[in-house]
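The lines below spell out each chain.
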Amino acid sequence: MTAQTPLYKRVLLKLSGEALMADLDYGIDADMLKRVSAEIKQIVEAGVEVAIVIGAGNIFRGKGLADSGMDRVTGDHMGMLATVMNCLALQDSIERLDVPCRVMSALAIDQVCETFDHRVADRHLSKGRVVIFAAGTGSPFFTTDSAGSLRAIEIRADALIKATKVDGVYDSDPMKNPDAKRYDQLSYDEVLHKDLKVMDATAIVLCKEQNMPLRIFNLGNPGDLPKVVFDSSIGTSVVPGDK
């Protein structure tokens, strides 16, 4: 596979809210936002259709307040609204690079962005627009990992690509265990049976049942985001069925 030939025609990129913080304690790091946007532009210019789901851990976590006594449904709705802020920030940054971009929300916020419709999203992507999906699944008790899996399936993406803080999946936490083993490739059954913390179980089962390939890579390595759509050696691949 040459550097000029993408592995995929359409991808769903799952970003955590924390990814936008960089070294900050809270909020969005402007330089990180610019770098991610520039790398997304590289992917688009290579002919890959890009959809994105972003979390909100840099701003708000509904579960955290729920654990402190707030109603879980209320907390999760607040978390969904926080994702909208991240999505709008990324949309603005991407459009400043002359790349057309749309935000589509699972909650109706018509004055701010479009309401999610998978047919409309498909048309936007087919026209070369980046589409950012906000507000998770629109339902409480589901993570943005689950939203990423669901949206990837709905738009018929060729792969779900998840950005993390490490360069793939390990058998233990590489931050704590210097001897942790990195996997180049796994099956979904292995992820579930070994309880590897790739994504939450709901997201993994969704991908497994719908045969959605998954790639995990380190967003902290500048350049790895565009590389991951060209080079199968970047990160860890989780594939349907047996390896």
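Notes on the structure in this doc start here. (Residues numbered from 1 in each chain as written. Predicted model: local features only at pLDDT ≥ 70, side-chain atom pairs only at ≥ 80, totals over all residues. Heavy atoms only, no water.)

As a further point, take the packing of aromatic side chains. Counted under the stated rule, the structure contains one aromatic pair. Its guanidinium or amino end placed over the ring of Phe116, Arg151 lies 3.8 Å from that ring's centre, counting from NZ or CZ. If you follow Arg151 out to its NZ or CZ, it ends over the ring of Phe133, 6.0 Å from the centre. (Phe/Tyr/Trp six-rings, centres within 6.5 Å; stacked < 30°, edge-to-face > 60°. Lys NZ or Arg CZ within 6 Å of the ring centre and 35° of its normal.)

Viewed as axis vectors pointing N to C, helix α1 (residues 30-45) and helix α3 (residues 72-95) meet at an angle of 60°, and their least axial separation amounts to 9 Å. As judged from the angle between their axes, α1 and α3 are oblique. The two elements α1 and α3 cross, and the hand of that crossing is right-handed. Contacts between α1 and α3 involve Leu33, Lys34, Val36, Ser37 and Ile40 on the former and, on the latter, Ala89, Leu90, Ser93 and Ile94. For the contact of α1 with α3, the residue count by class is six nonpolar, two polar and one charged. (Axes fitted to C-alpha atoms, helices over the stretch in contact; angles between N-to-C directions. Helix = DSSP H or I, 4+ residues; strand = E, 2+ residues; numbered from the N terminus. Parallel < 35°, antiparallel > 145°, perpendicular 65-115°, else oblique. Left-handed = near helix turned anticlockwise from the far one by under 90°. Contact = heavy atoms within 4.5 Å. Nonpolar A, V, L, I, M, F, W, Y, C, P; charged D, E, K, R; others polar.)

Time to look at the pattern of salt bridges. Enumeration over the complete set of coordinates arrives at 17 salt bridges. Lys14 is the salt-bridge partner of Asp145, the closest N and O atoms lying 3.6 Å from each other. Of this pair, Asp145 sits in helix α5 (residues 144-154) while Lys14 sits in strand β1 (residues 10-15), and the two are 131 residues apart along the sequence. Judged by its relative accessible area of 12%, Asp145 falls in the buried class. Ionic contacts of the salt-bridge type, sharing partners, join the residues Lys9, Arg10, Glu49, Asp122 and Arg156 into one network. (Salt bridge = Lys/Arg side-chain N within 4 Å of Asp/Glu carboxyl O. Buried < 20%, exposed > 50% of the residue type's maximum accessible area, 1.4 Å probe, protein only.)

Our focus in this paragraph is the nonpolar core. If you look at the biggest cluster of nonpolar residues, it comprises 39 residues, and the most contacted ones within it are Ile40, Ile52, Leu90, Val130 and Ile132. Of all the elements in the fold, those that place two or more residues in this core are β1, α1, β2 (49-54), α3, β3 (101-105), β5 (130-134), β6 (159-164) and α8 (224-228). Of all the elements, α1 adds the most residues to this core, at six residues. Beyond its immediate chain neighbours, meaning those up to four positions away, Ile132 contacts Ile52, Ile54, Cys87, Leu90, Gln91, Ile94, Cys101, Arg102, Val103 and Met104. Core analysis: the second largest hydrophobic core is formed by 29 residues, Leu12, Ala147, Val191 and Met212 among them. (Core = buried A, V, L, I, M, F, W, Y, C linked by side-chain atoms within 4.5 Å.)

This part covers α3. Residues that lie three or four places apart on an α-helix share one face, since the helix turns once every 3.6 residues. Over its 24 residues, α3 extends 35 Å from the first C-alpha to the last, a length consistent with the 34 Å expected when each residue adds 1.5 Å. One side-chain oxygen at the N-terminal end of α3 lies 3.2 Å from the backbone nitrogen of Val73; it belongs to Asp71. (Expected span 1.5 Å × (residues − 1). Polar contact = N/O pair within 3.5 Å; in protein donor to acceptor, adjacent residues only side chain to side chain.)

Mapped onto the elements, Gln210 comes out in the loop between α7 (201-209) and β10 (214-218). Residue classification places Gln210 among the partly exposed positions, given a relative accessible area of 45%. Taking the C-alpha atoms as reference, Gln210 lies 9.9 Å from Arg156; in sequence the two are 54 residues apart.

By the element assignment, Asp122 lies in helix α4 (residues 118-126). Among all residues touching Asp122, those that are not within four sequence positions of it are Arg10 and Arg156.

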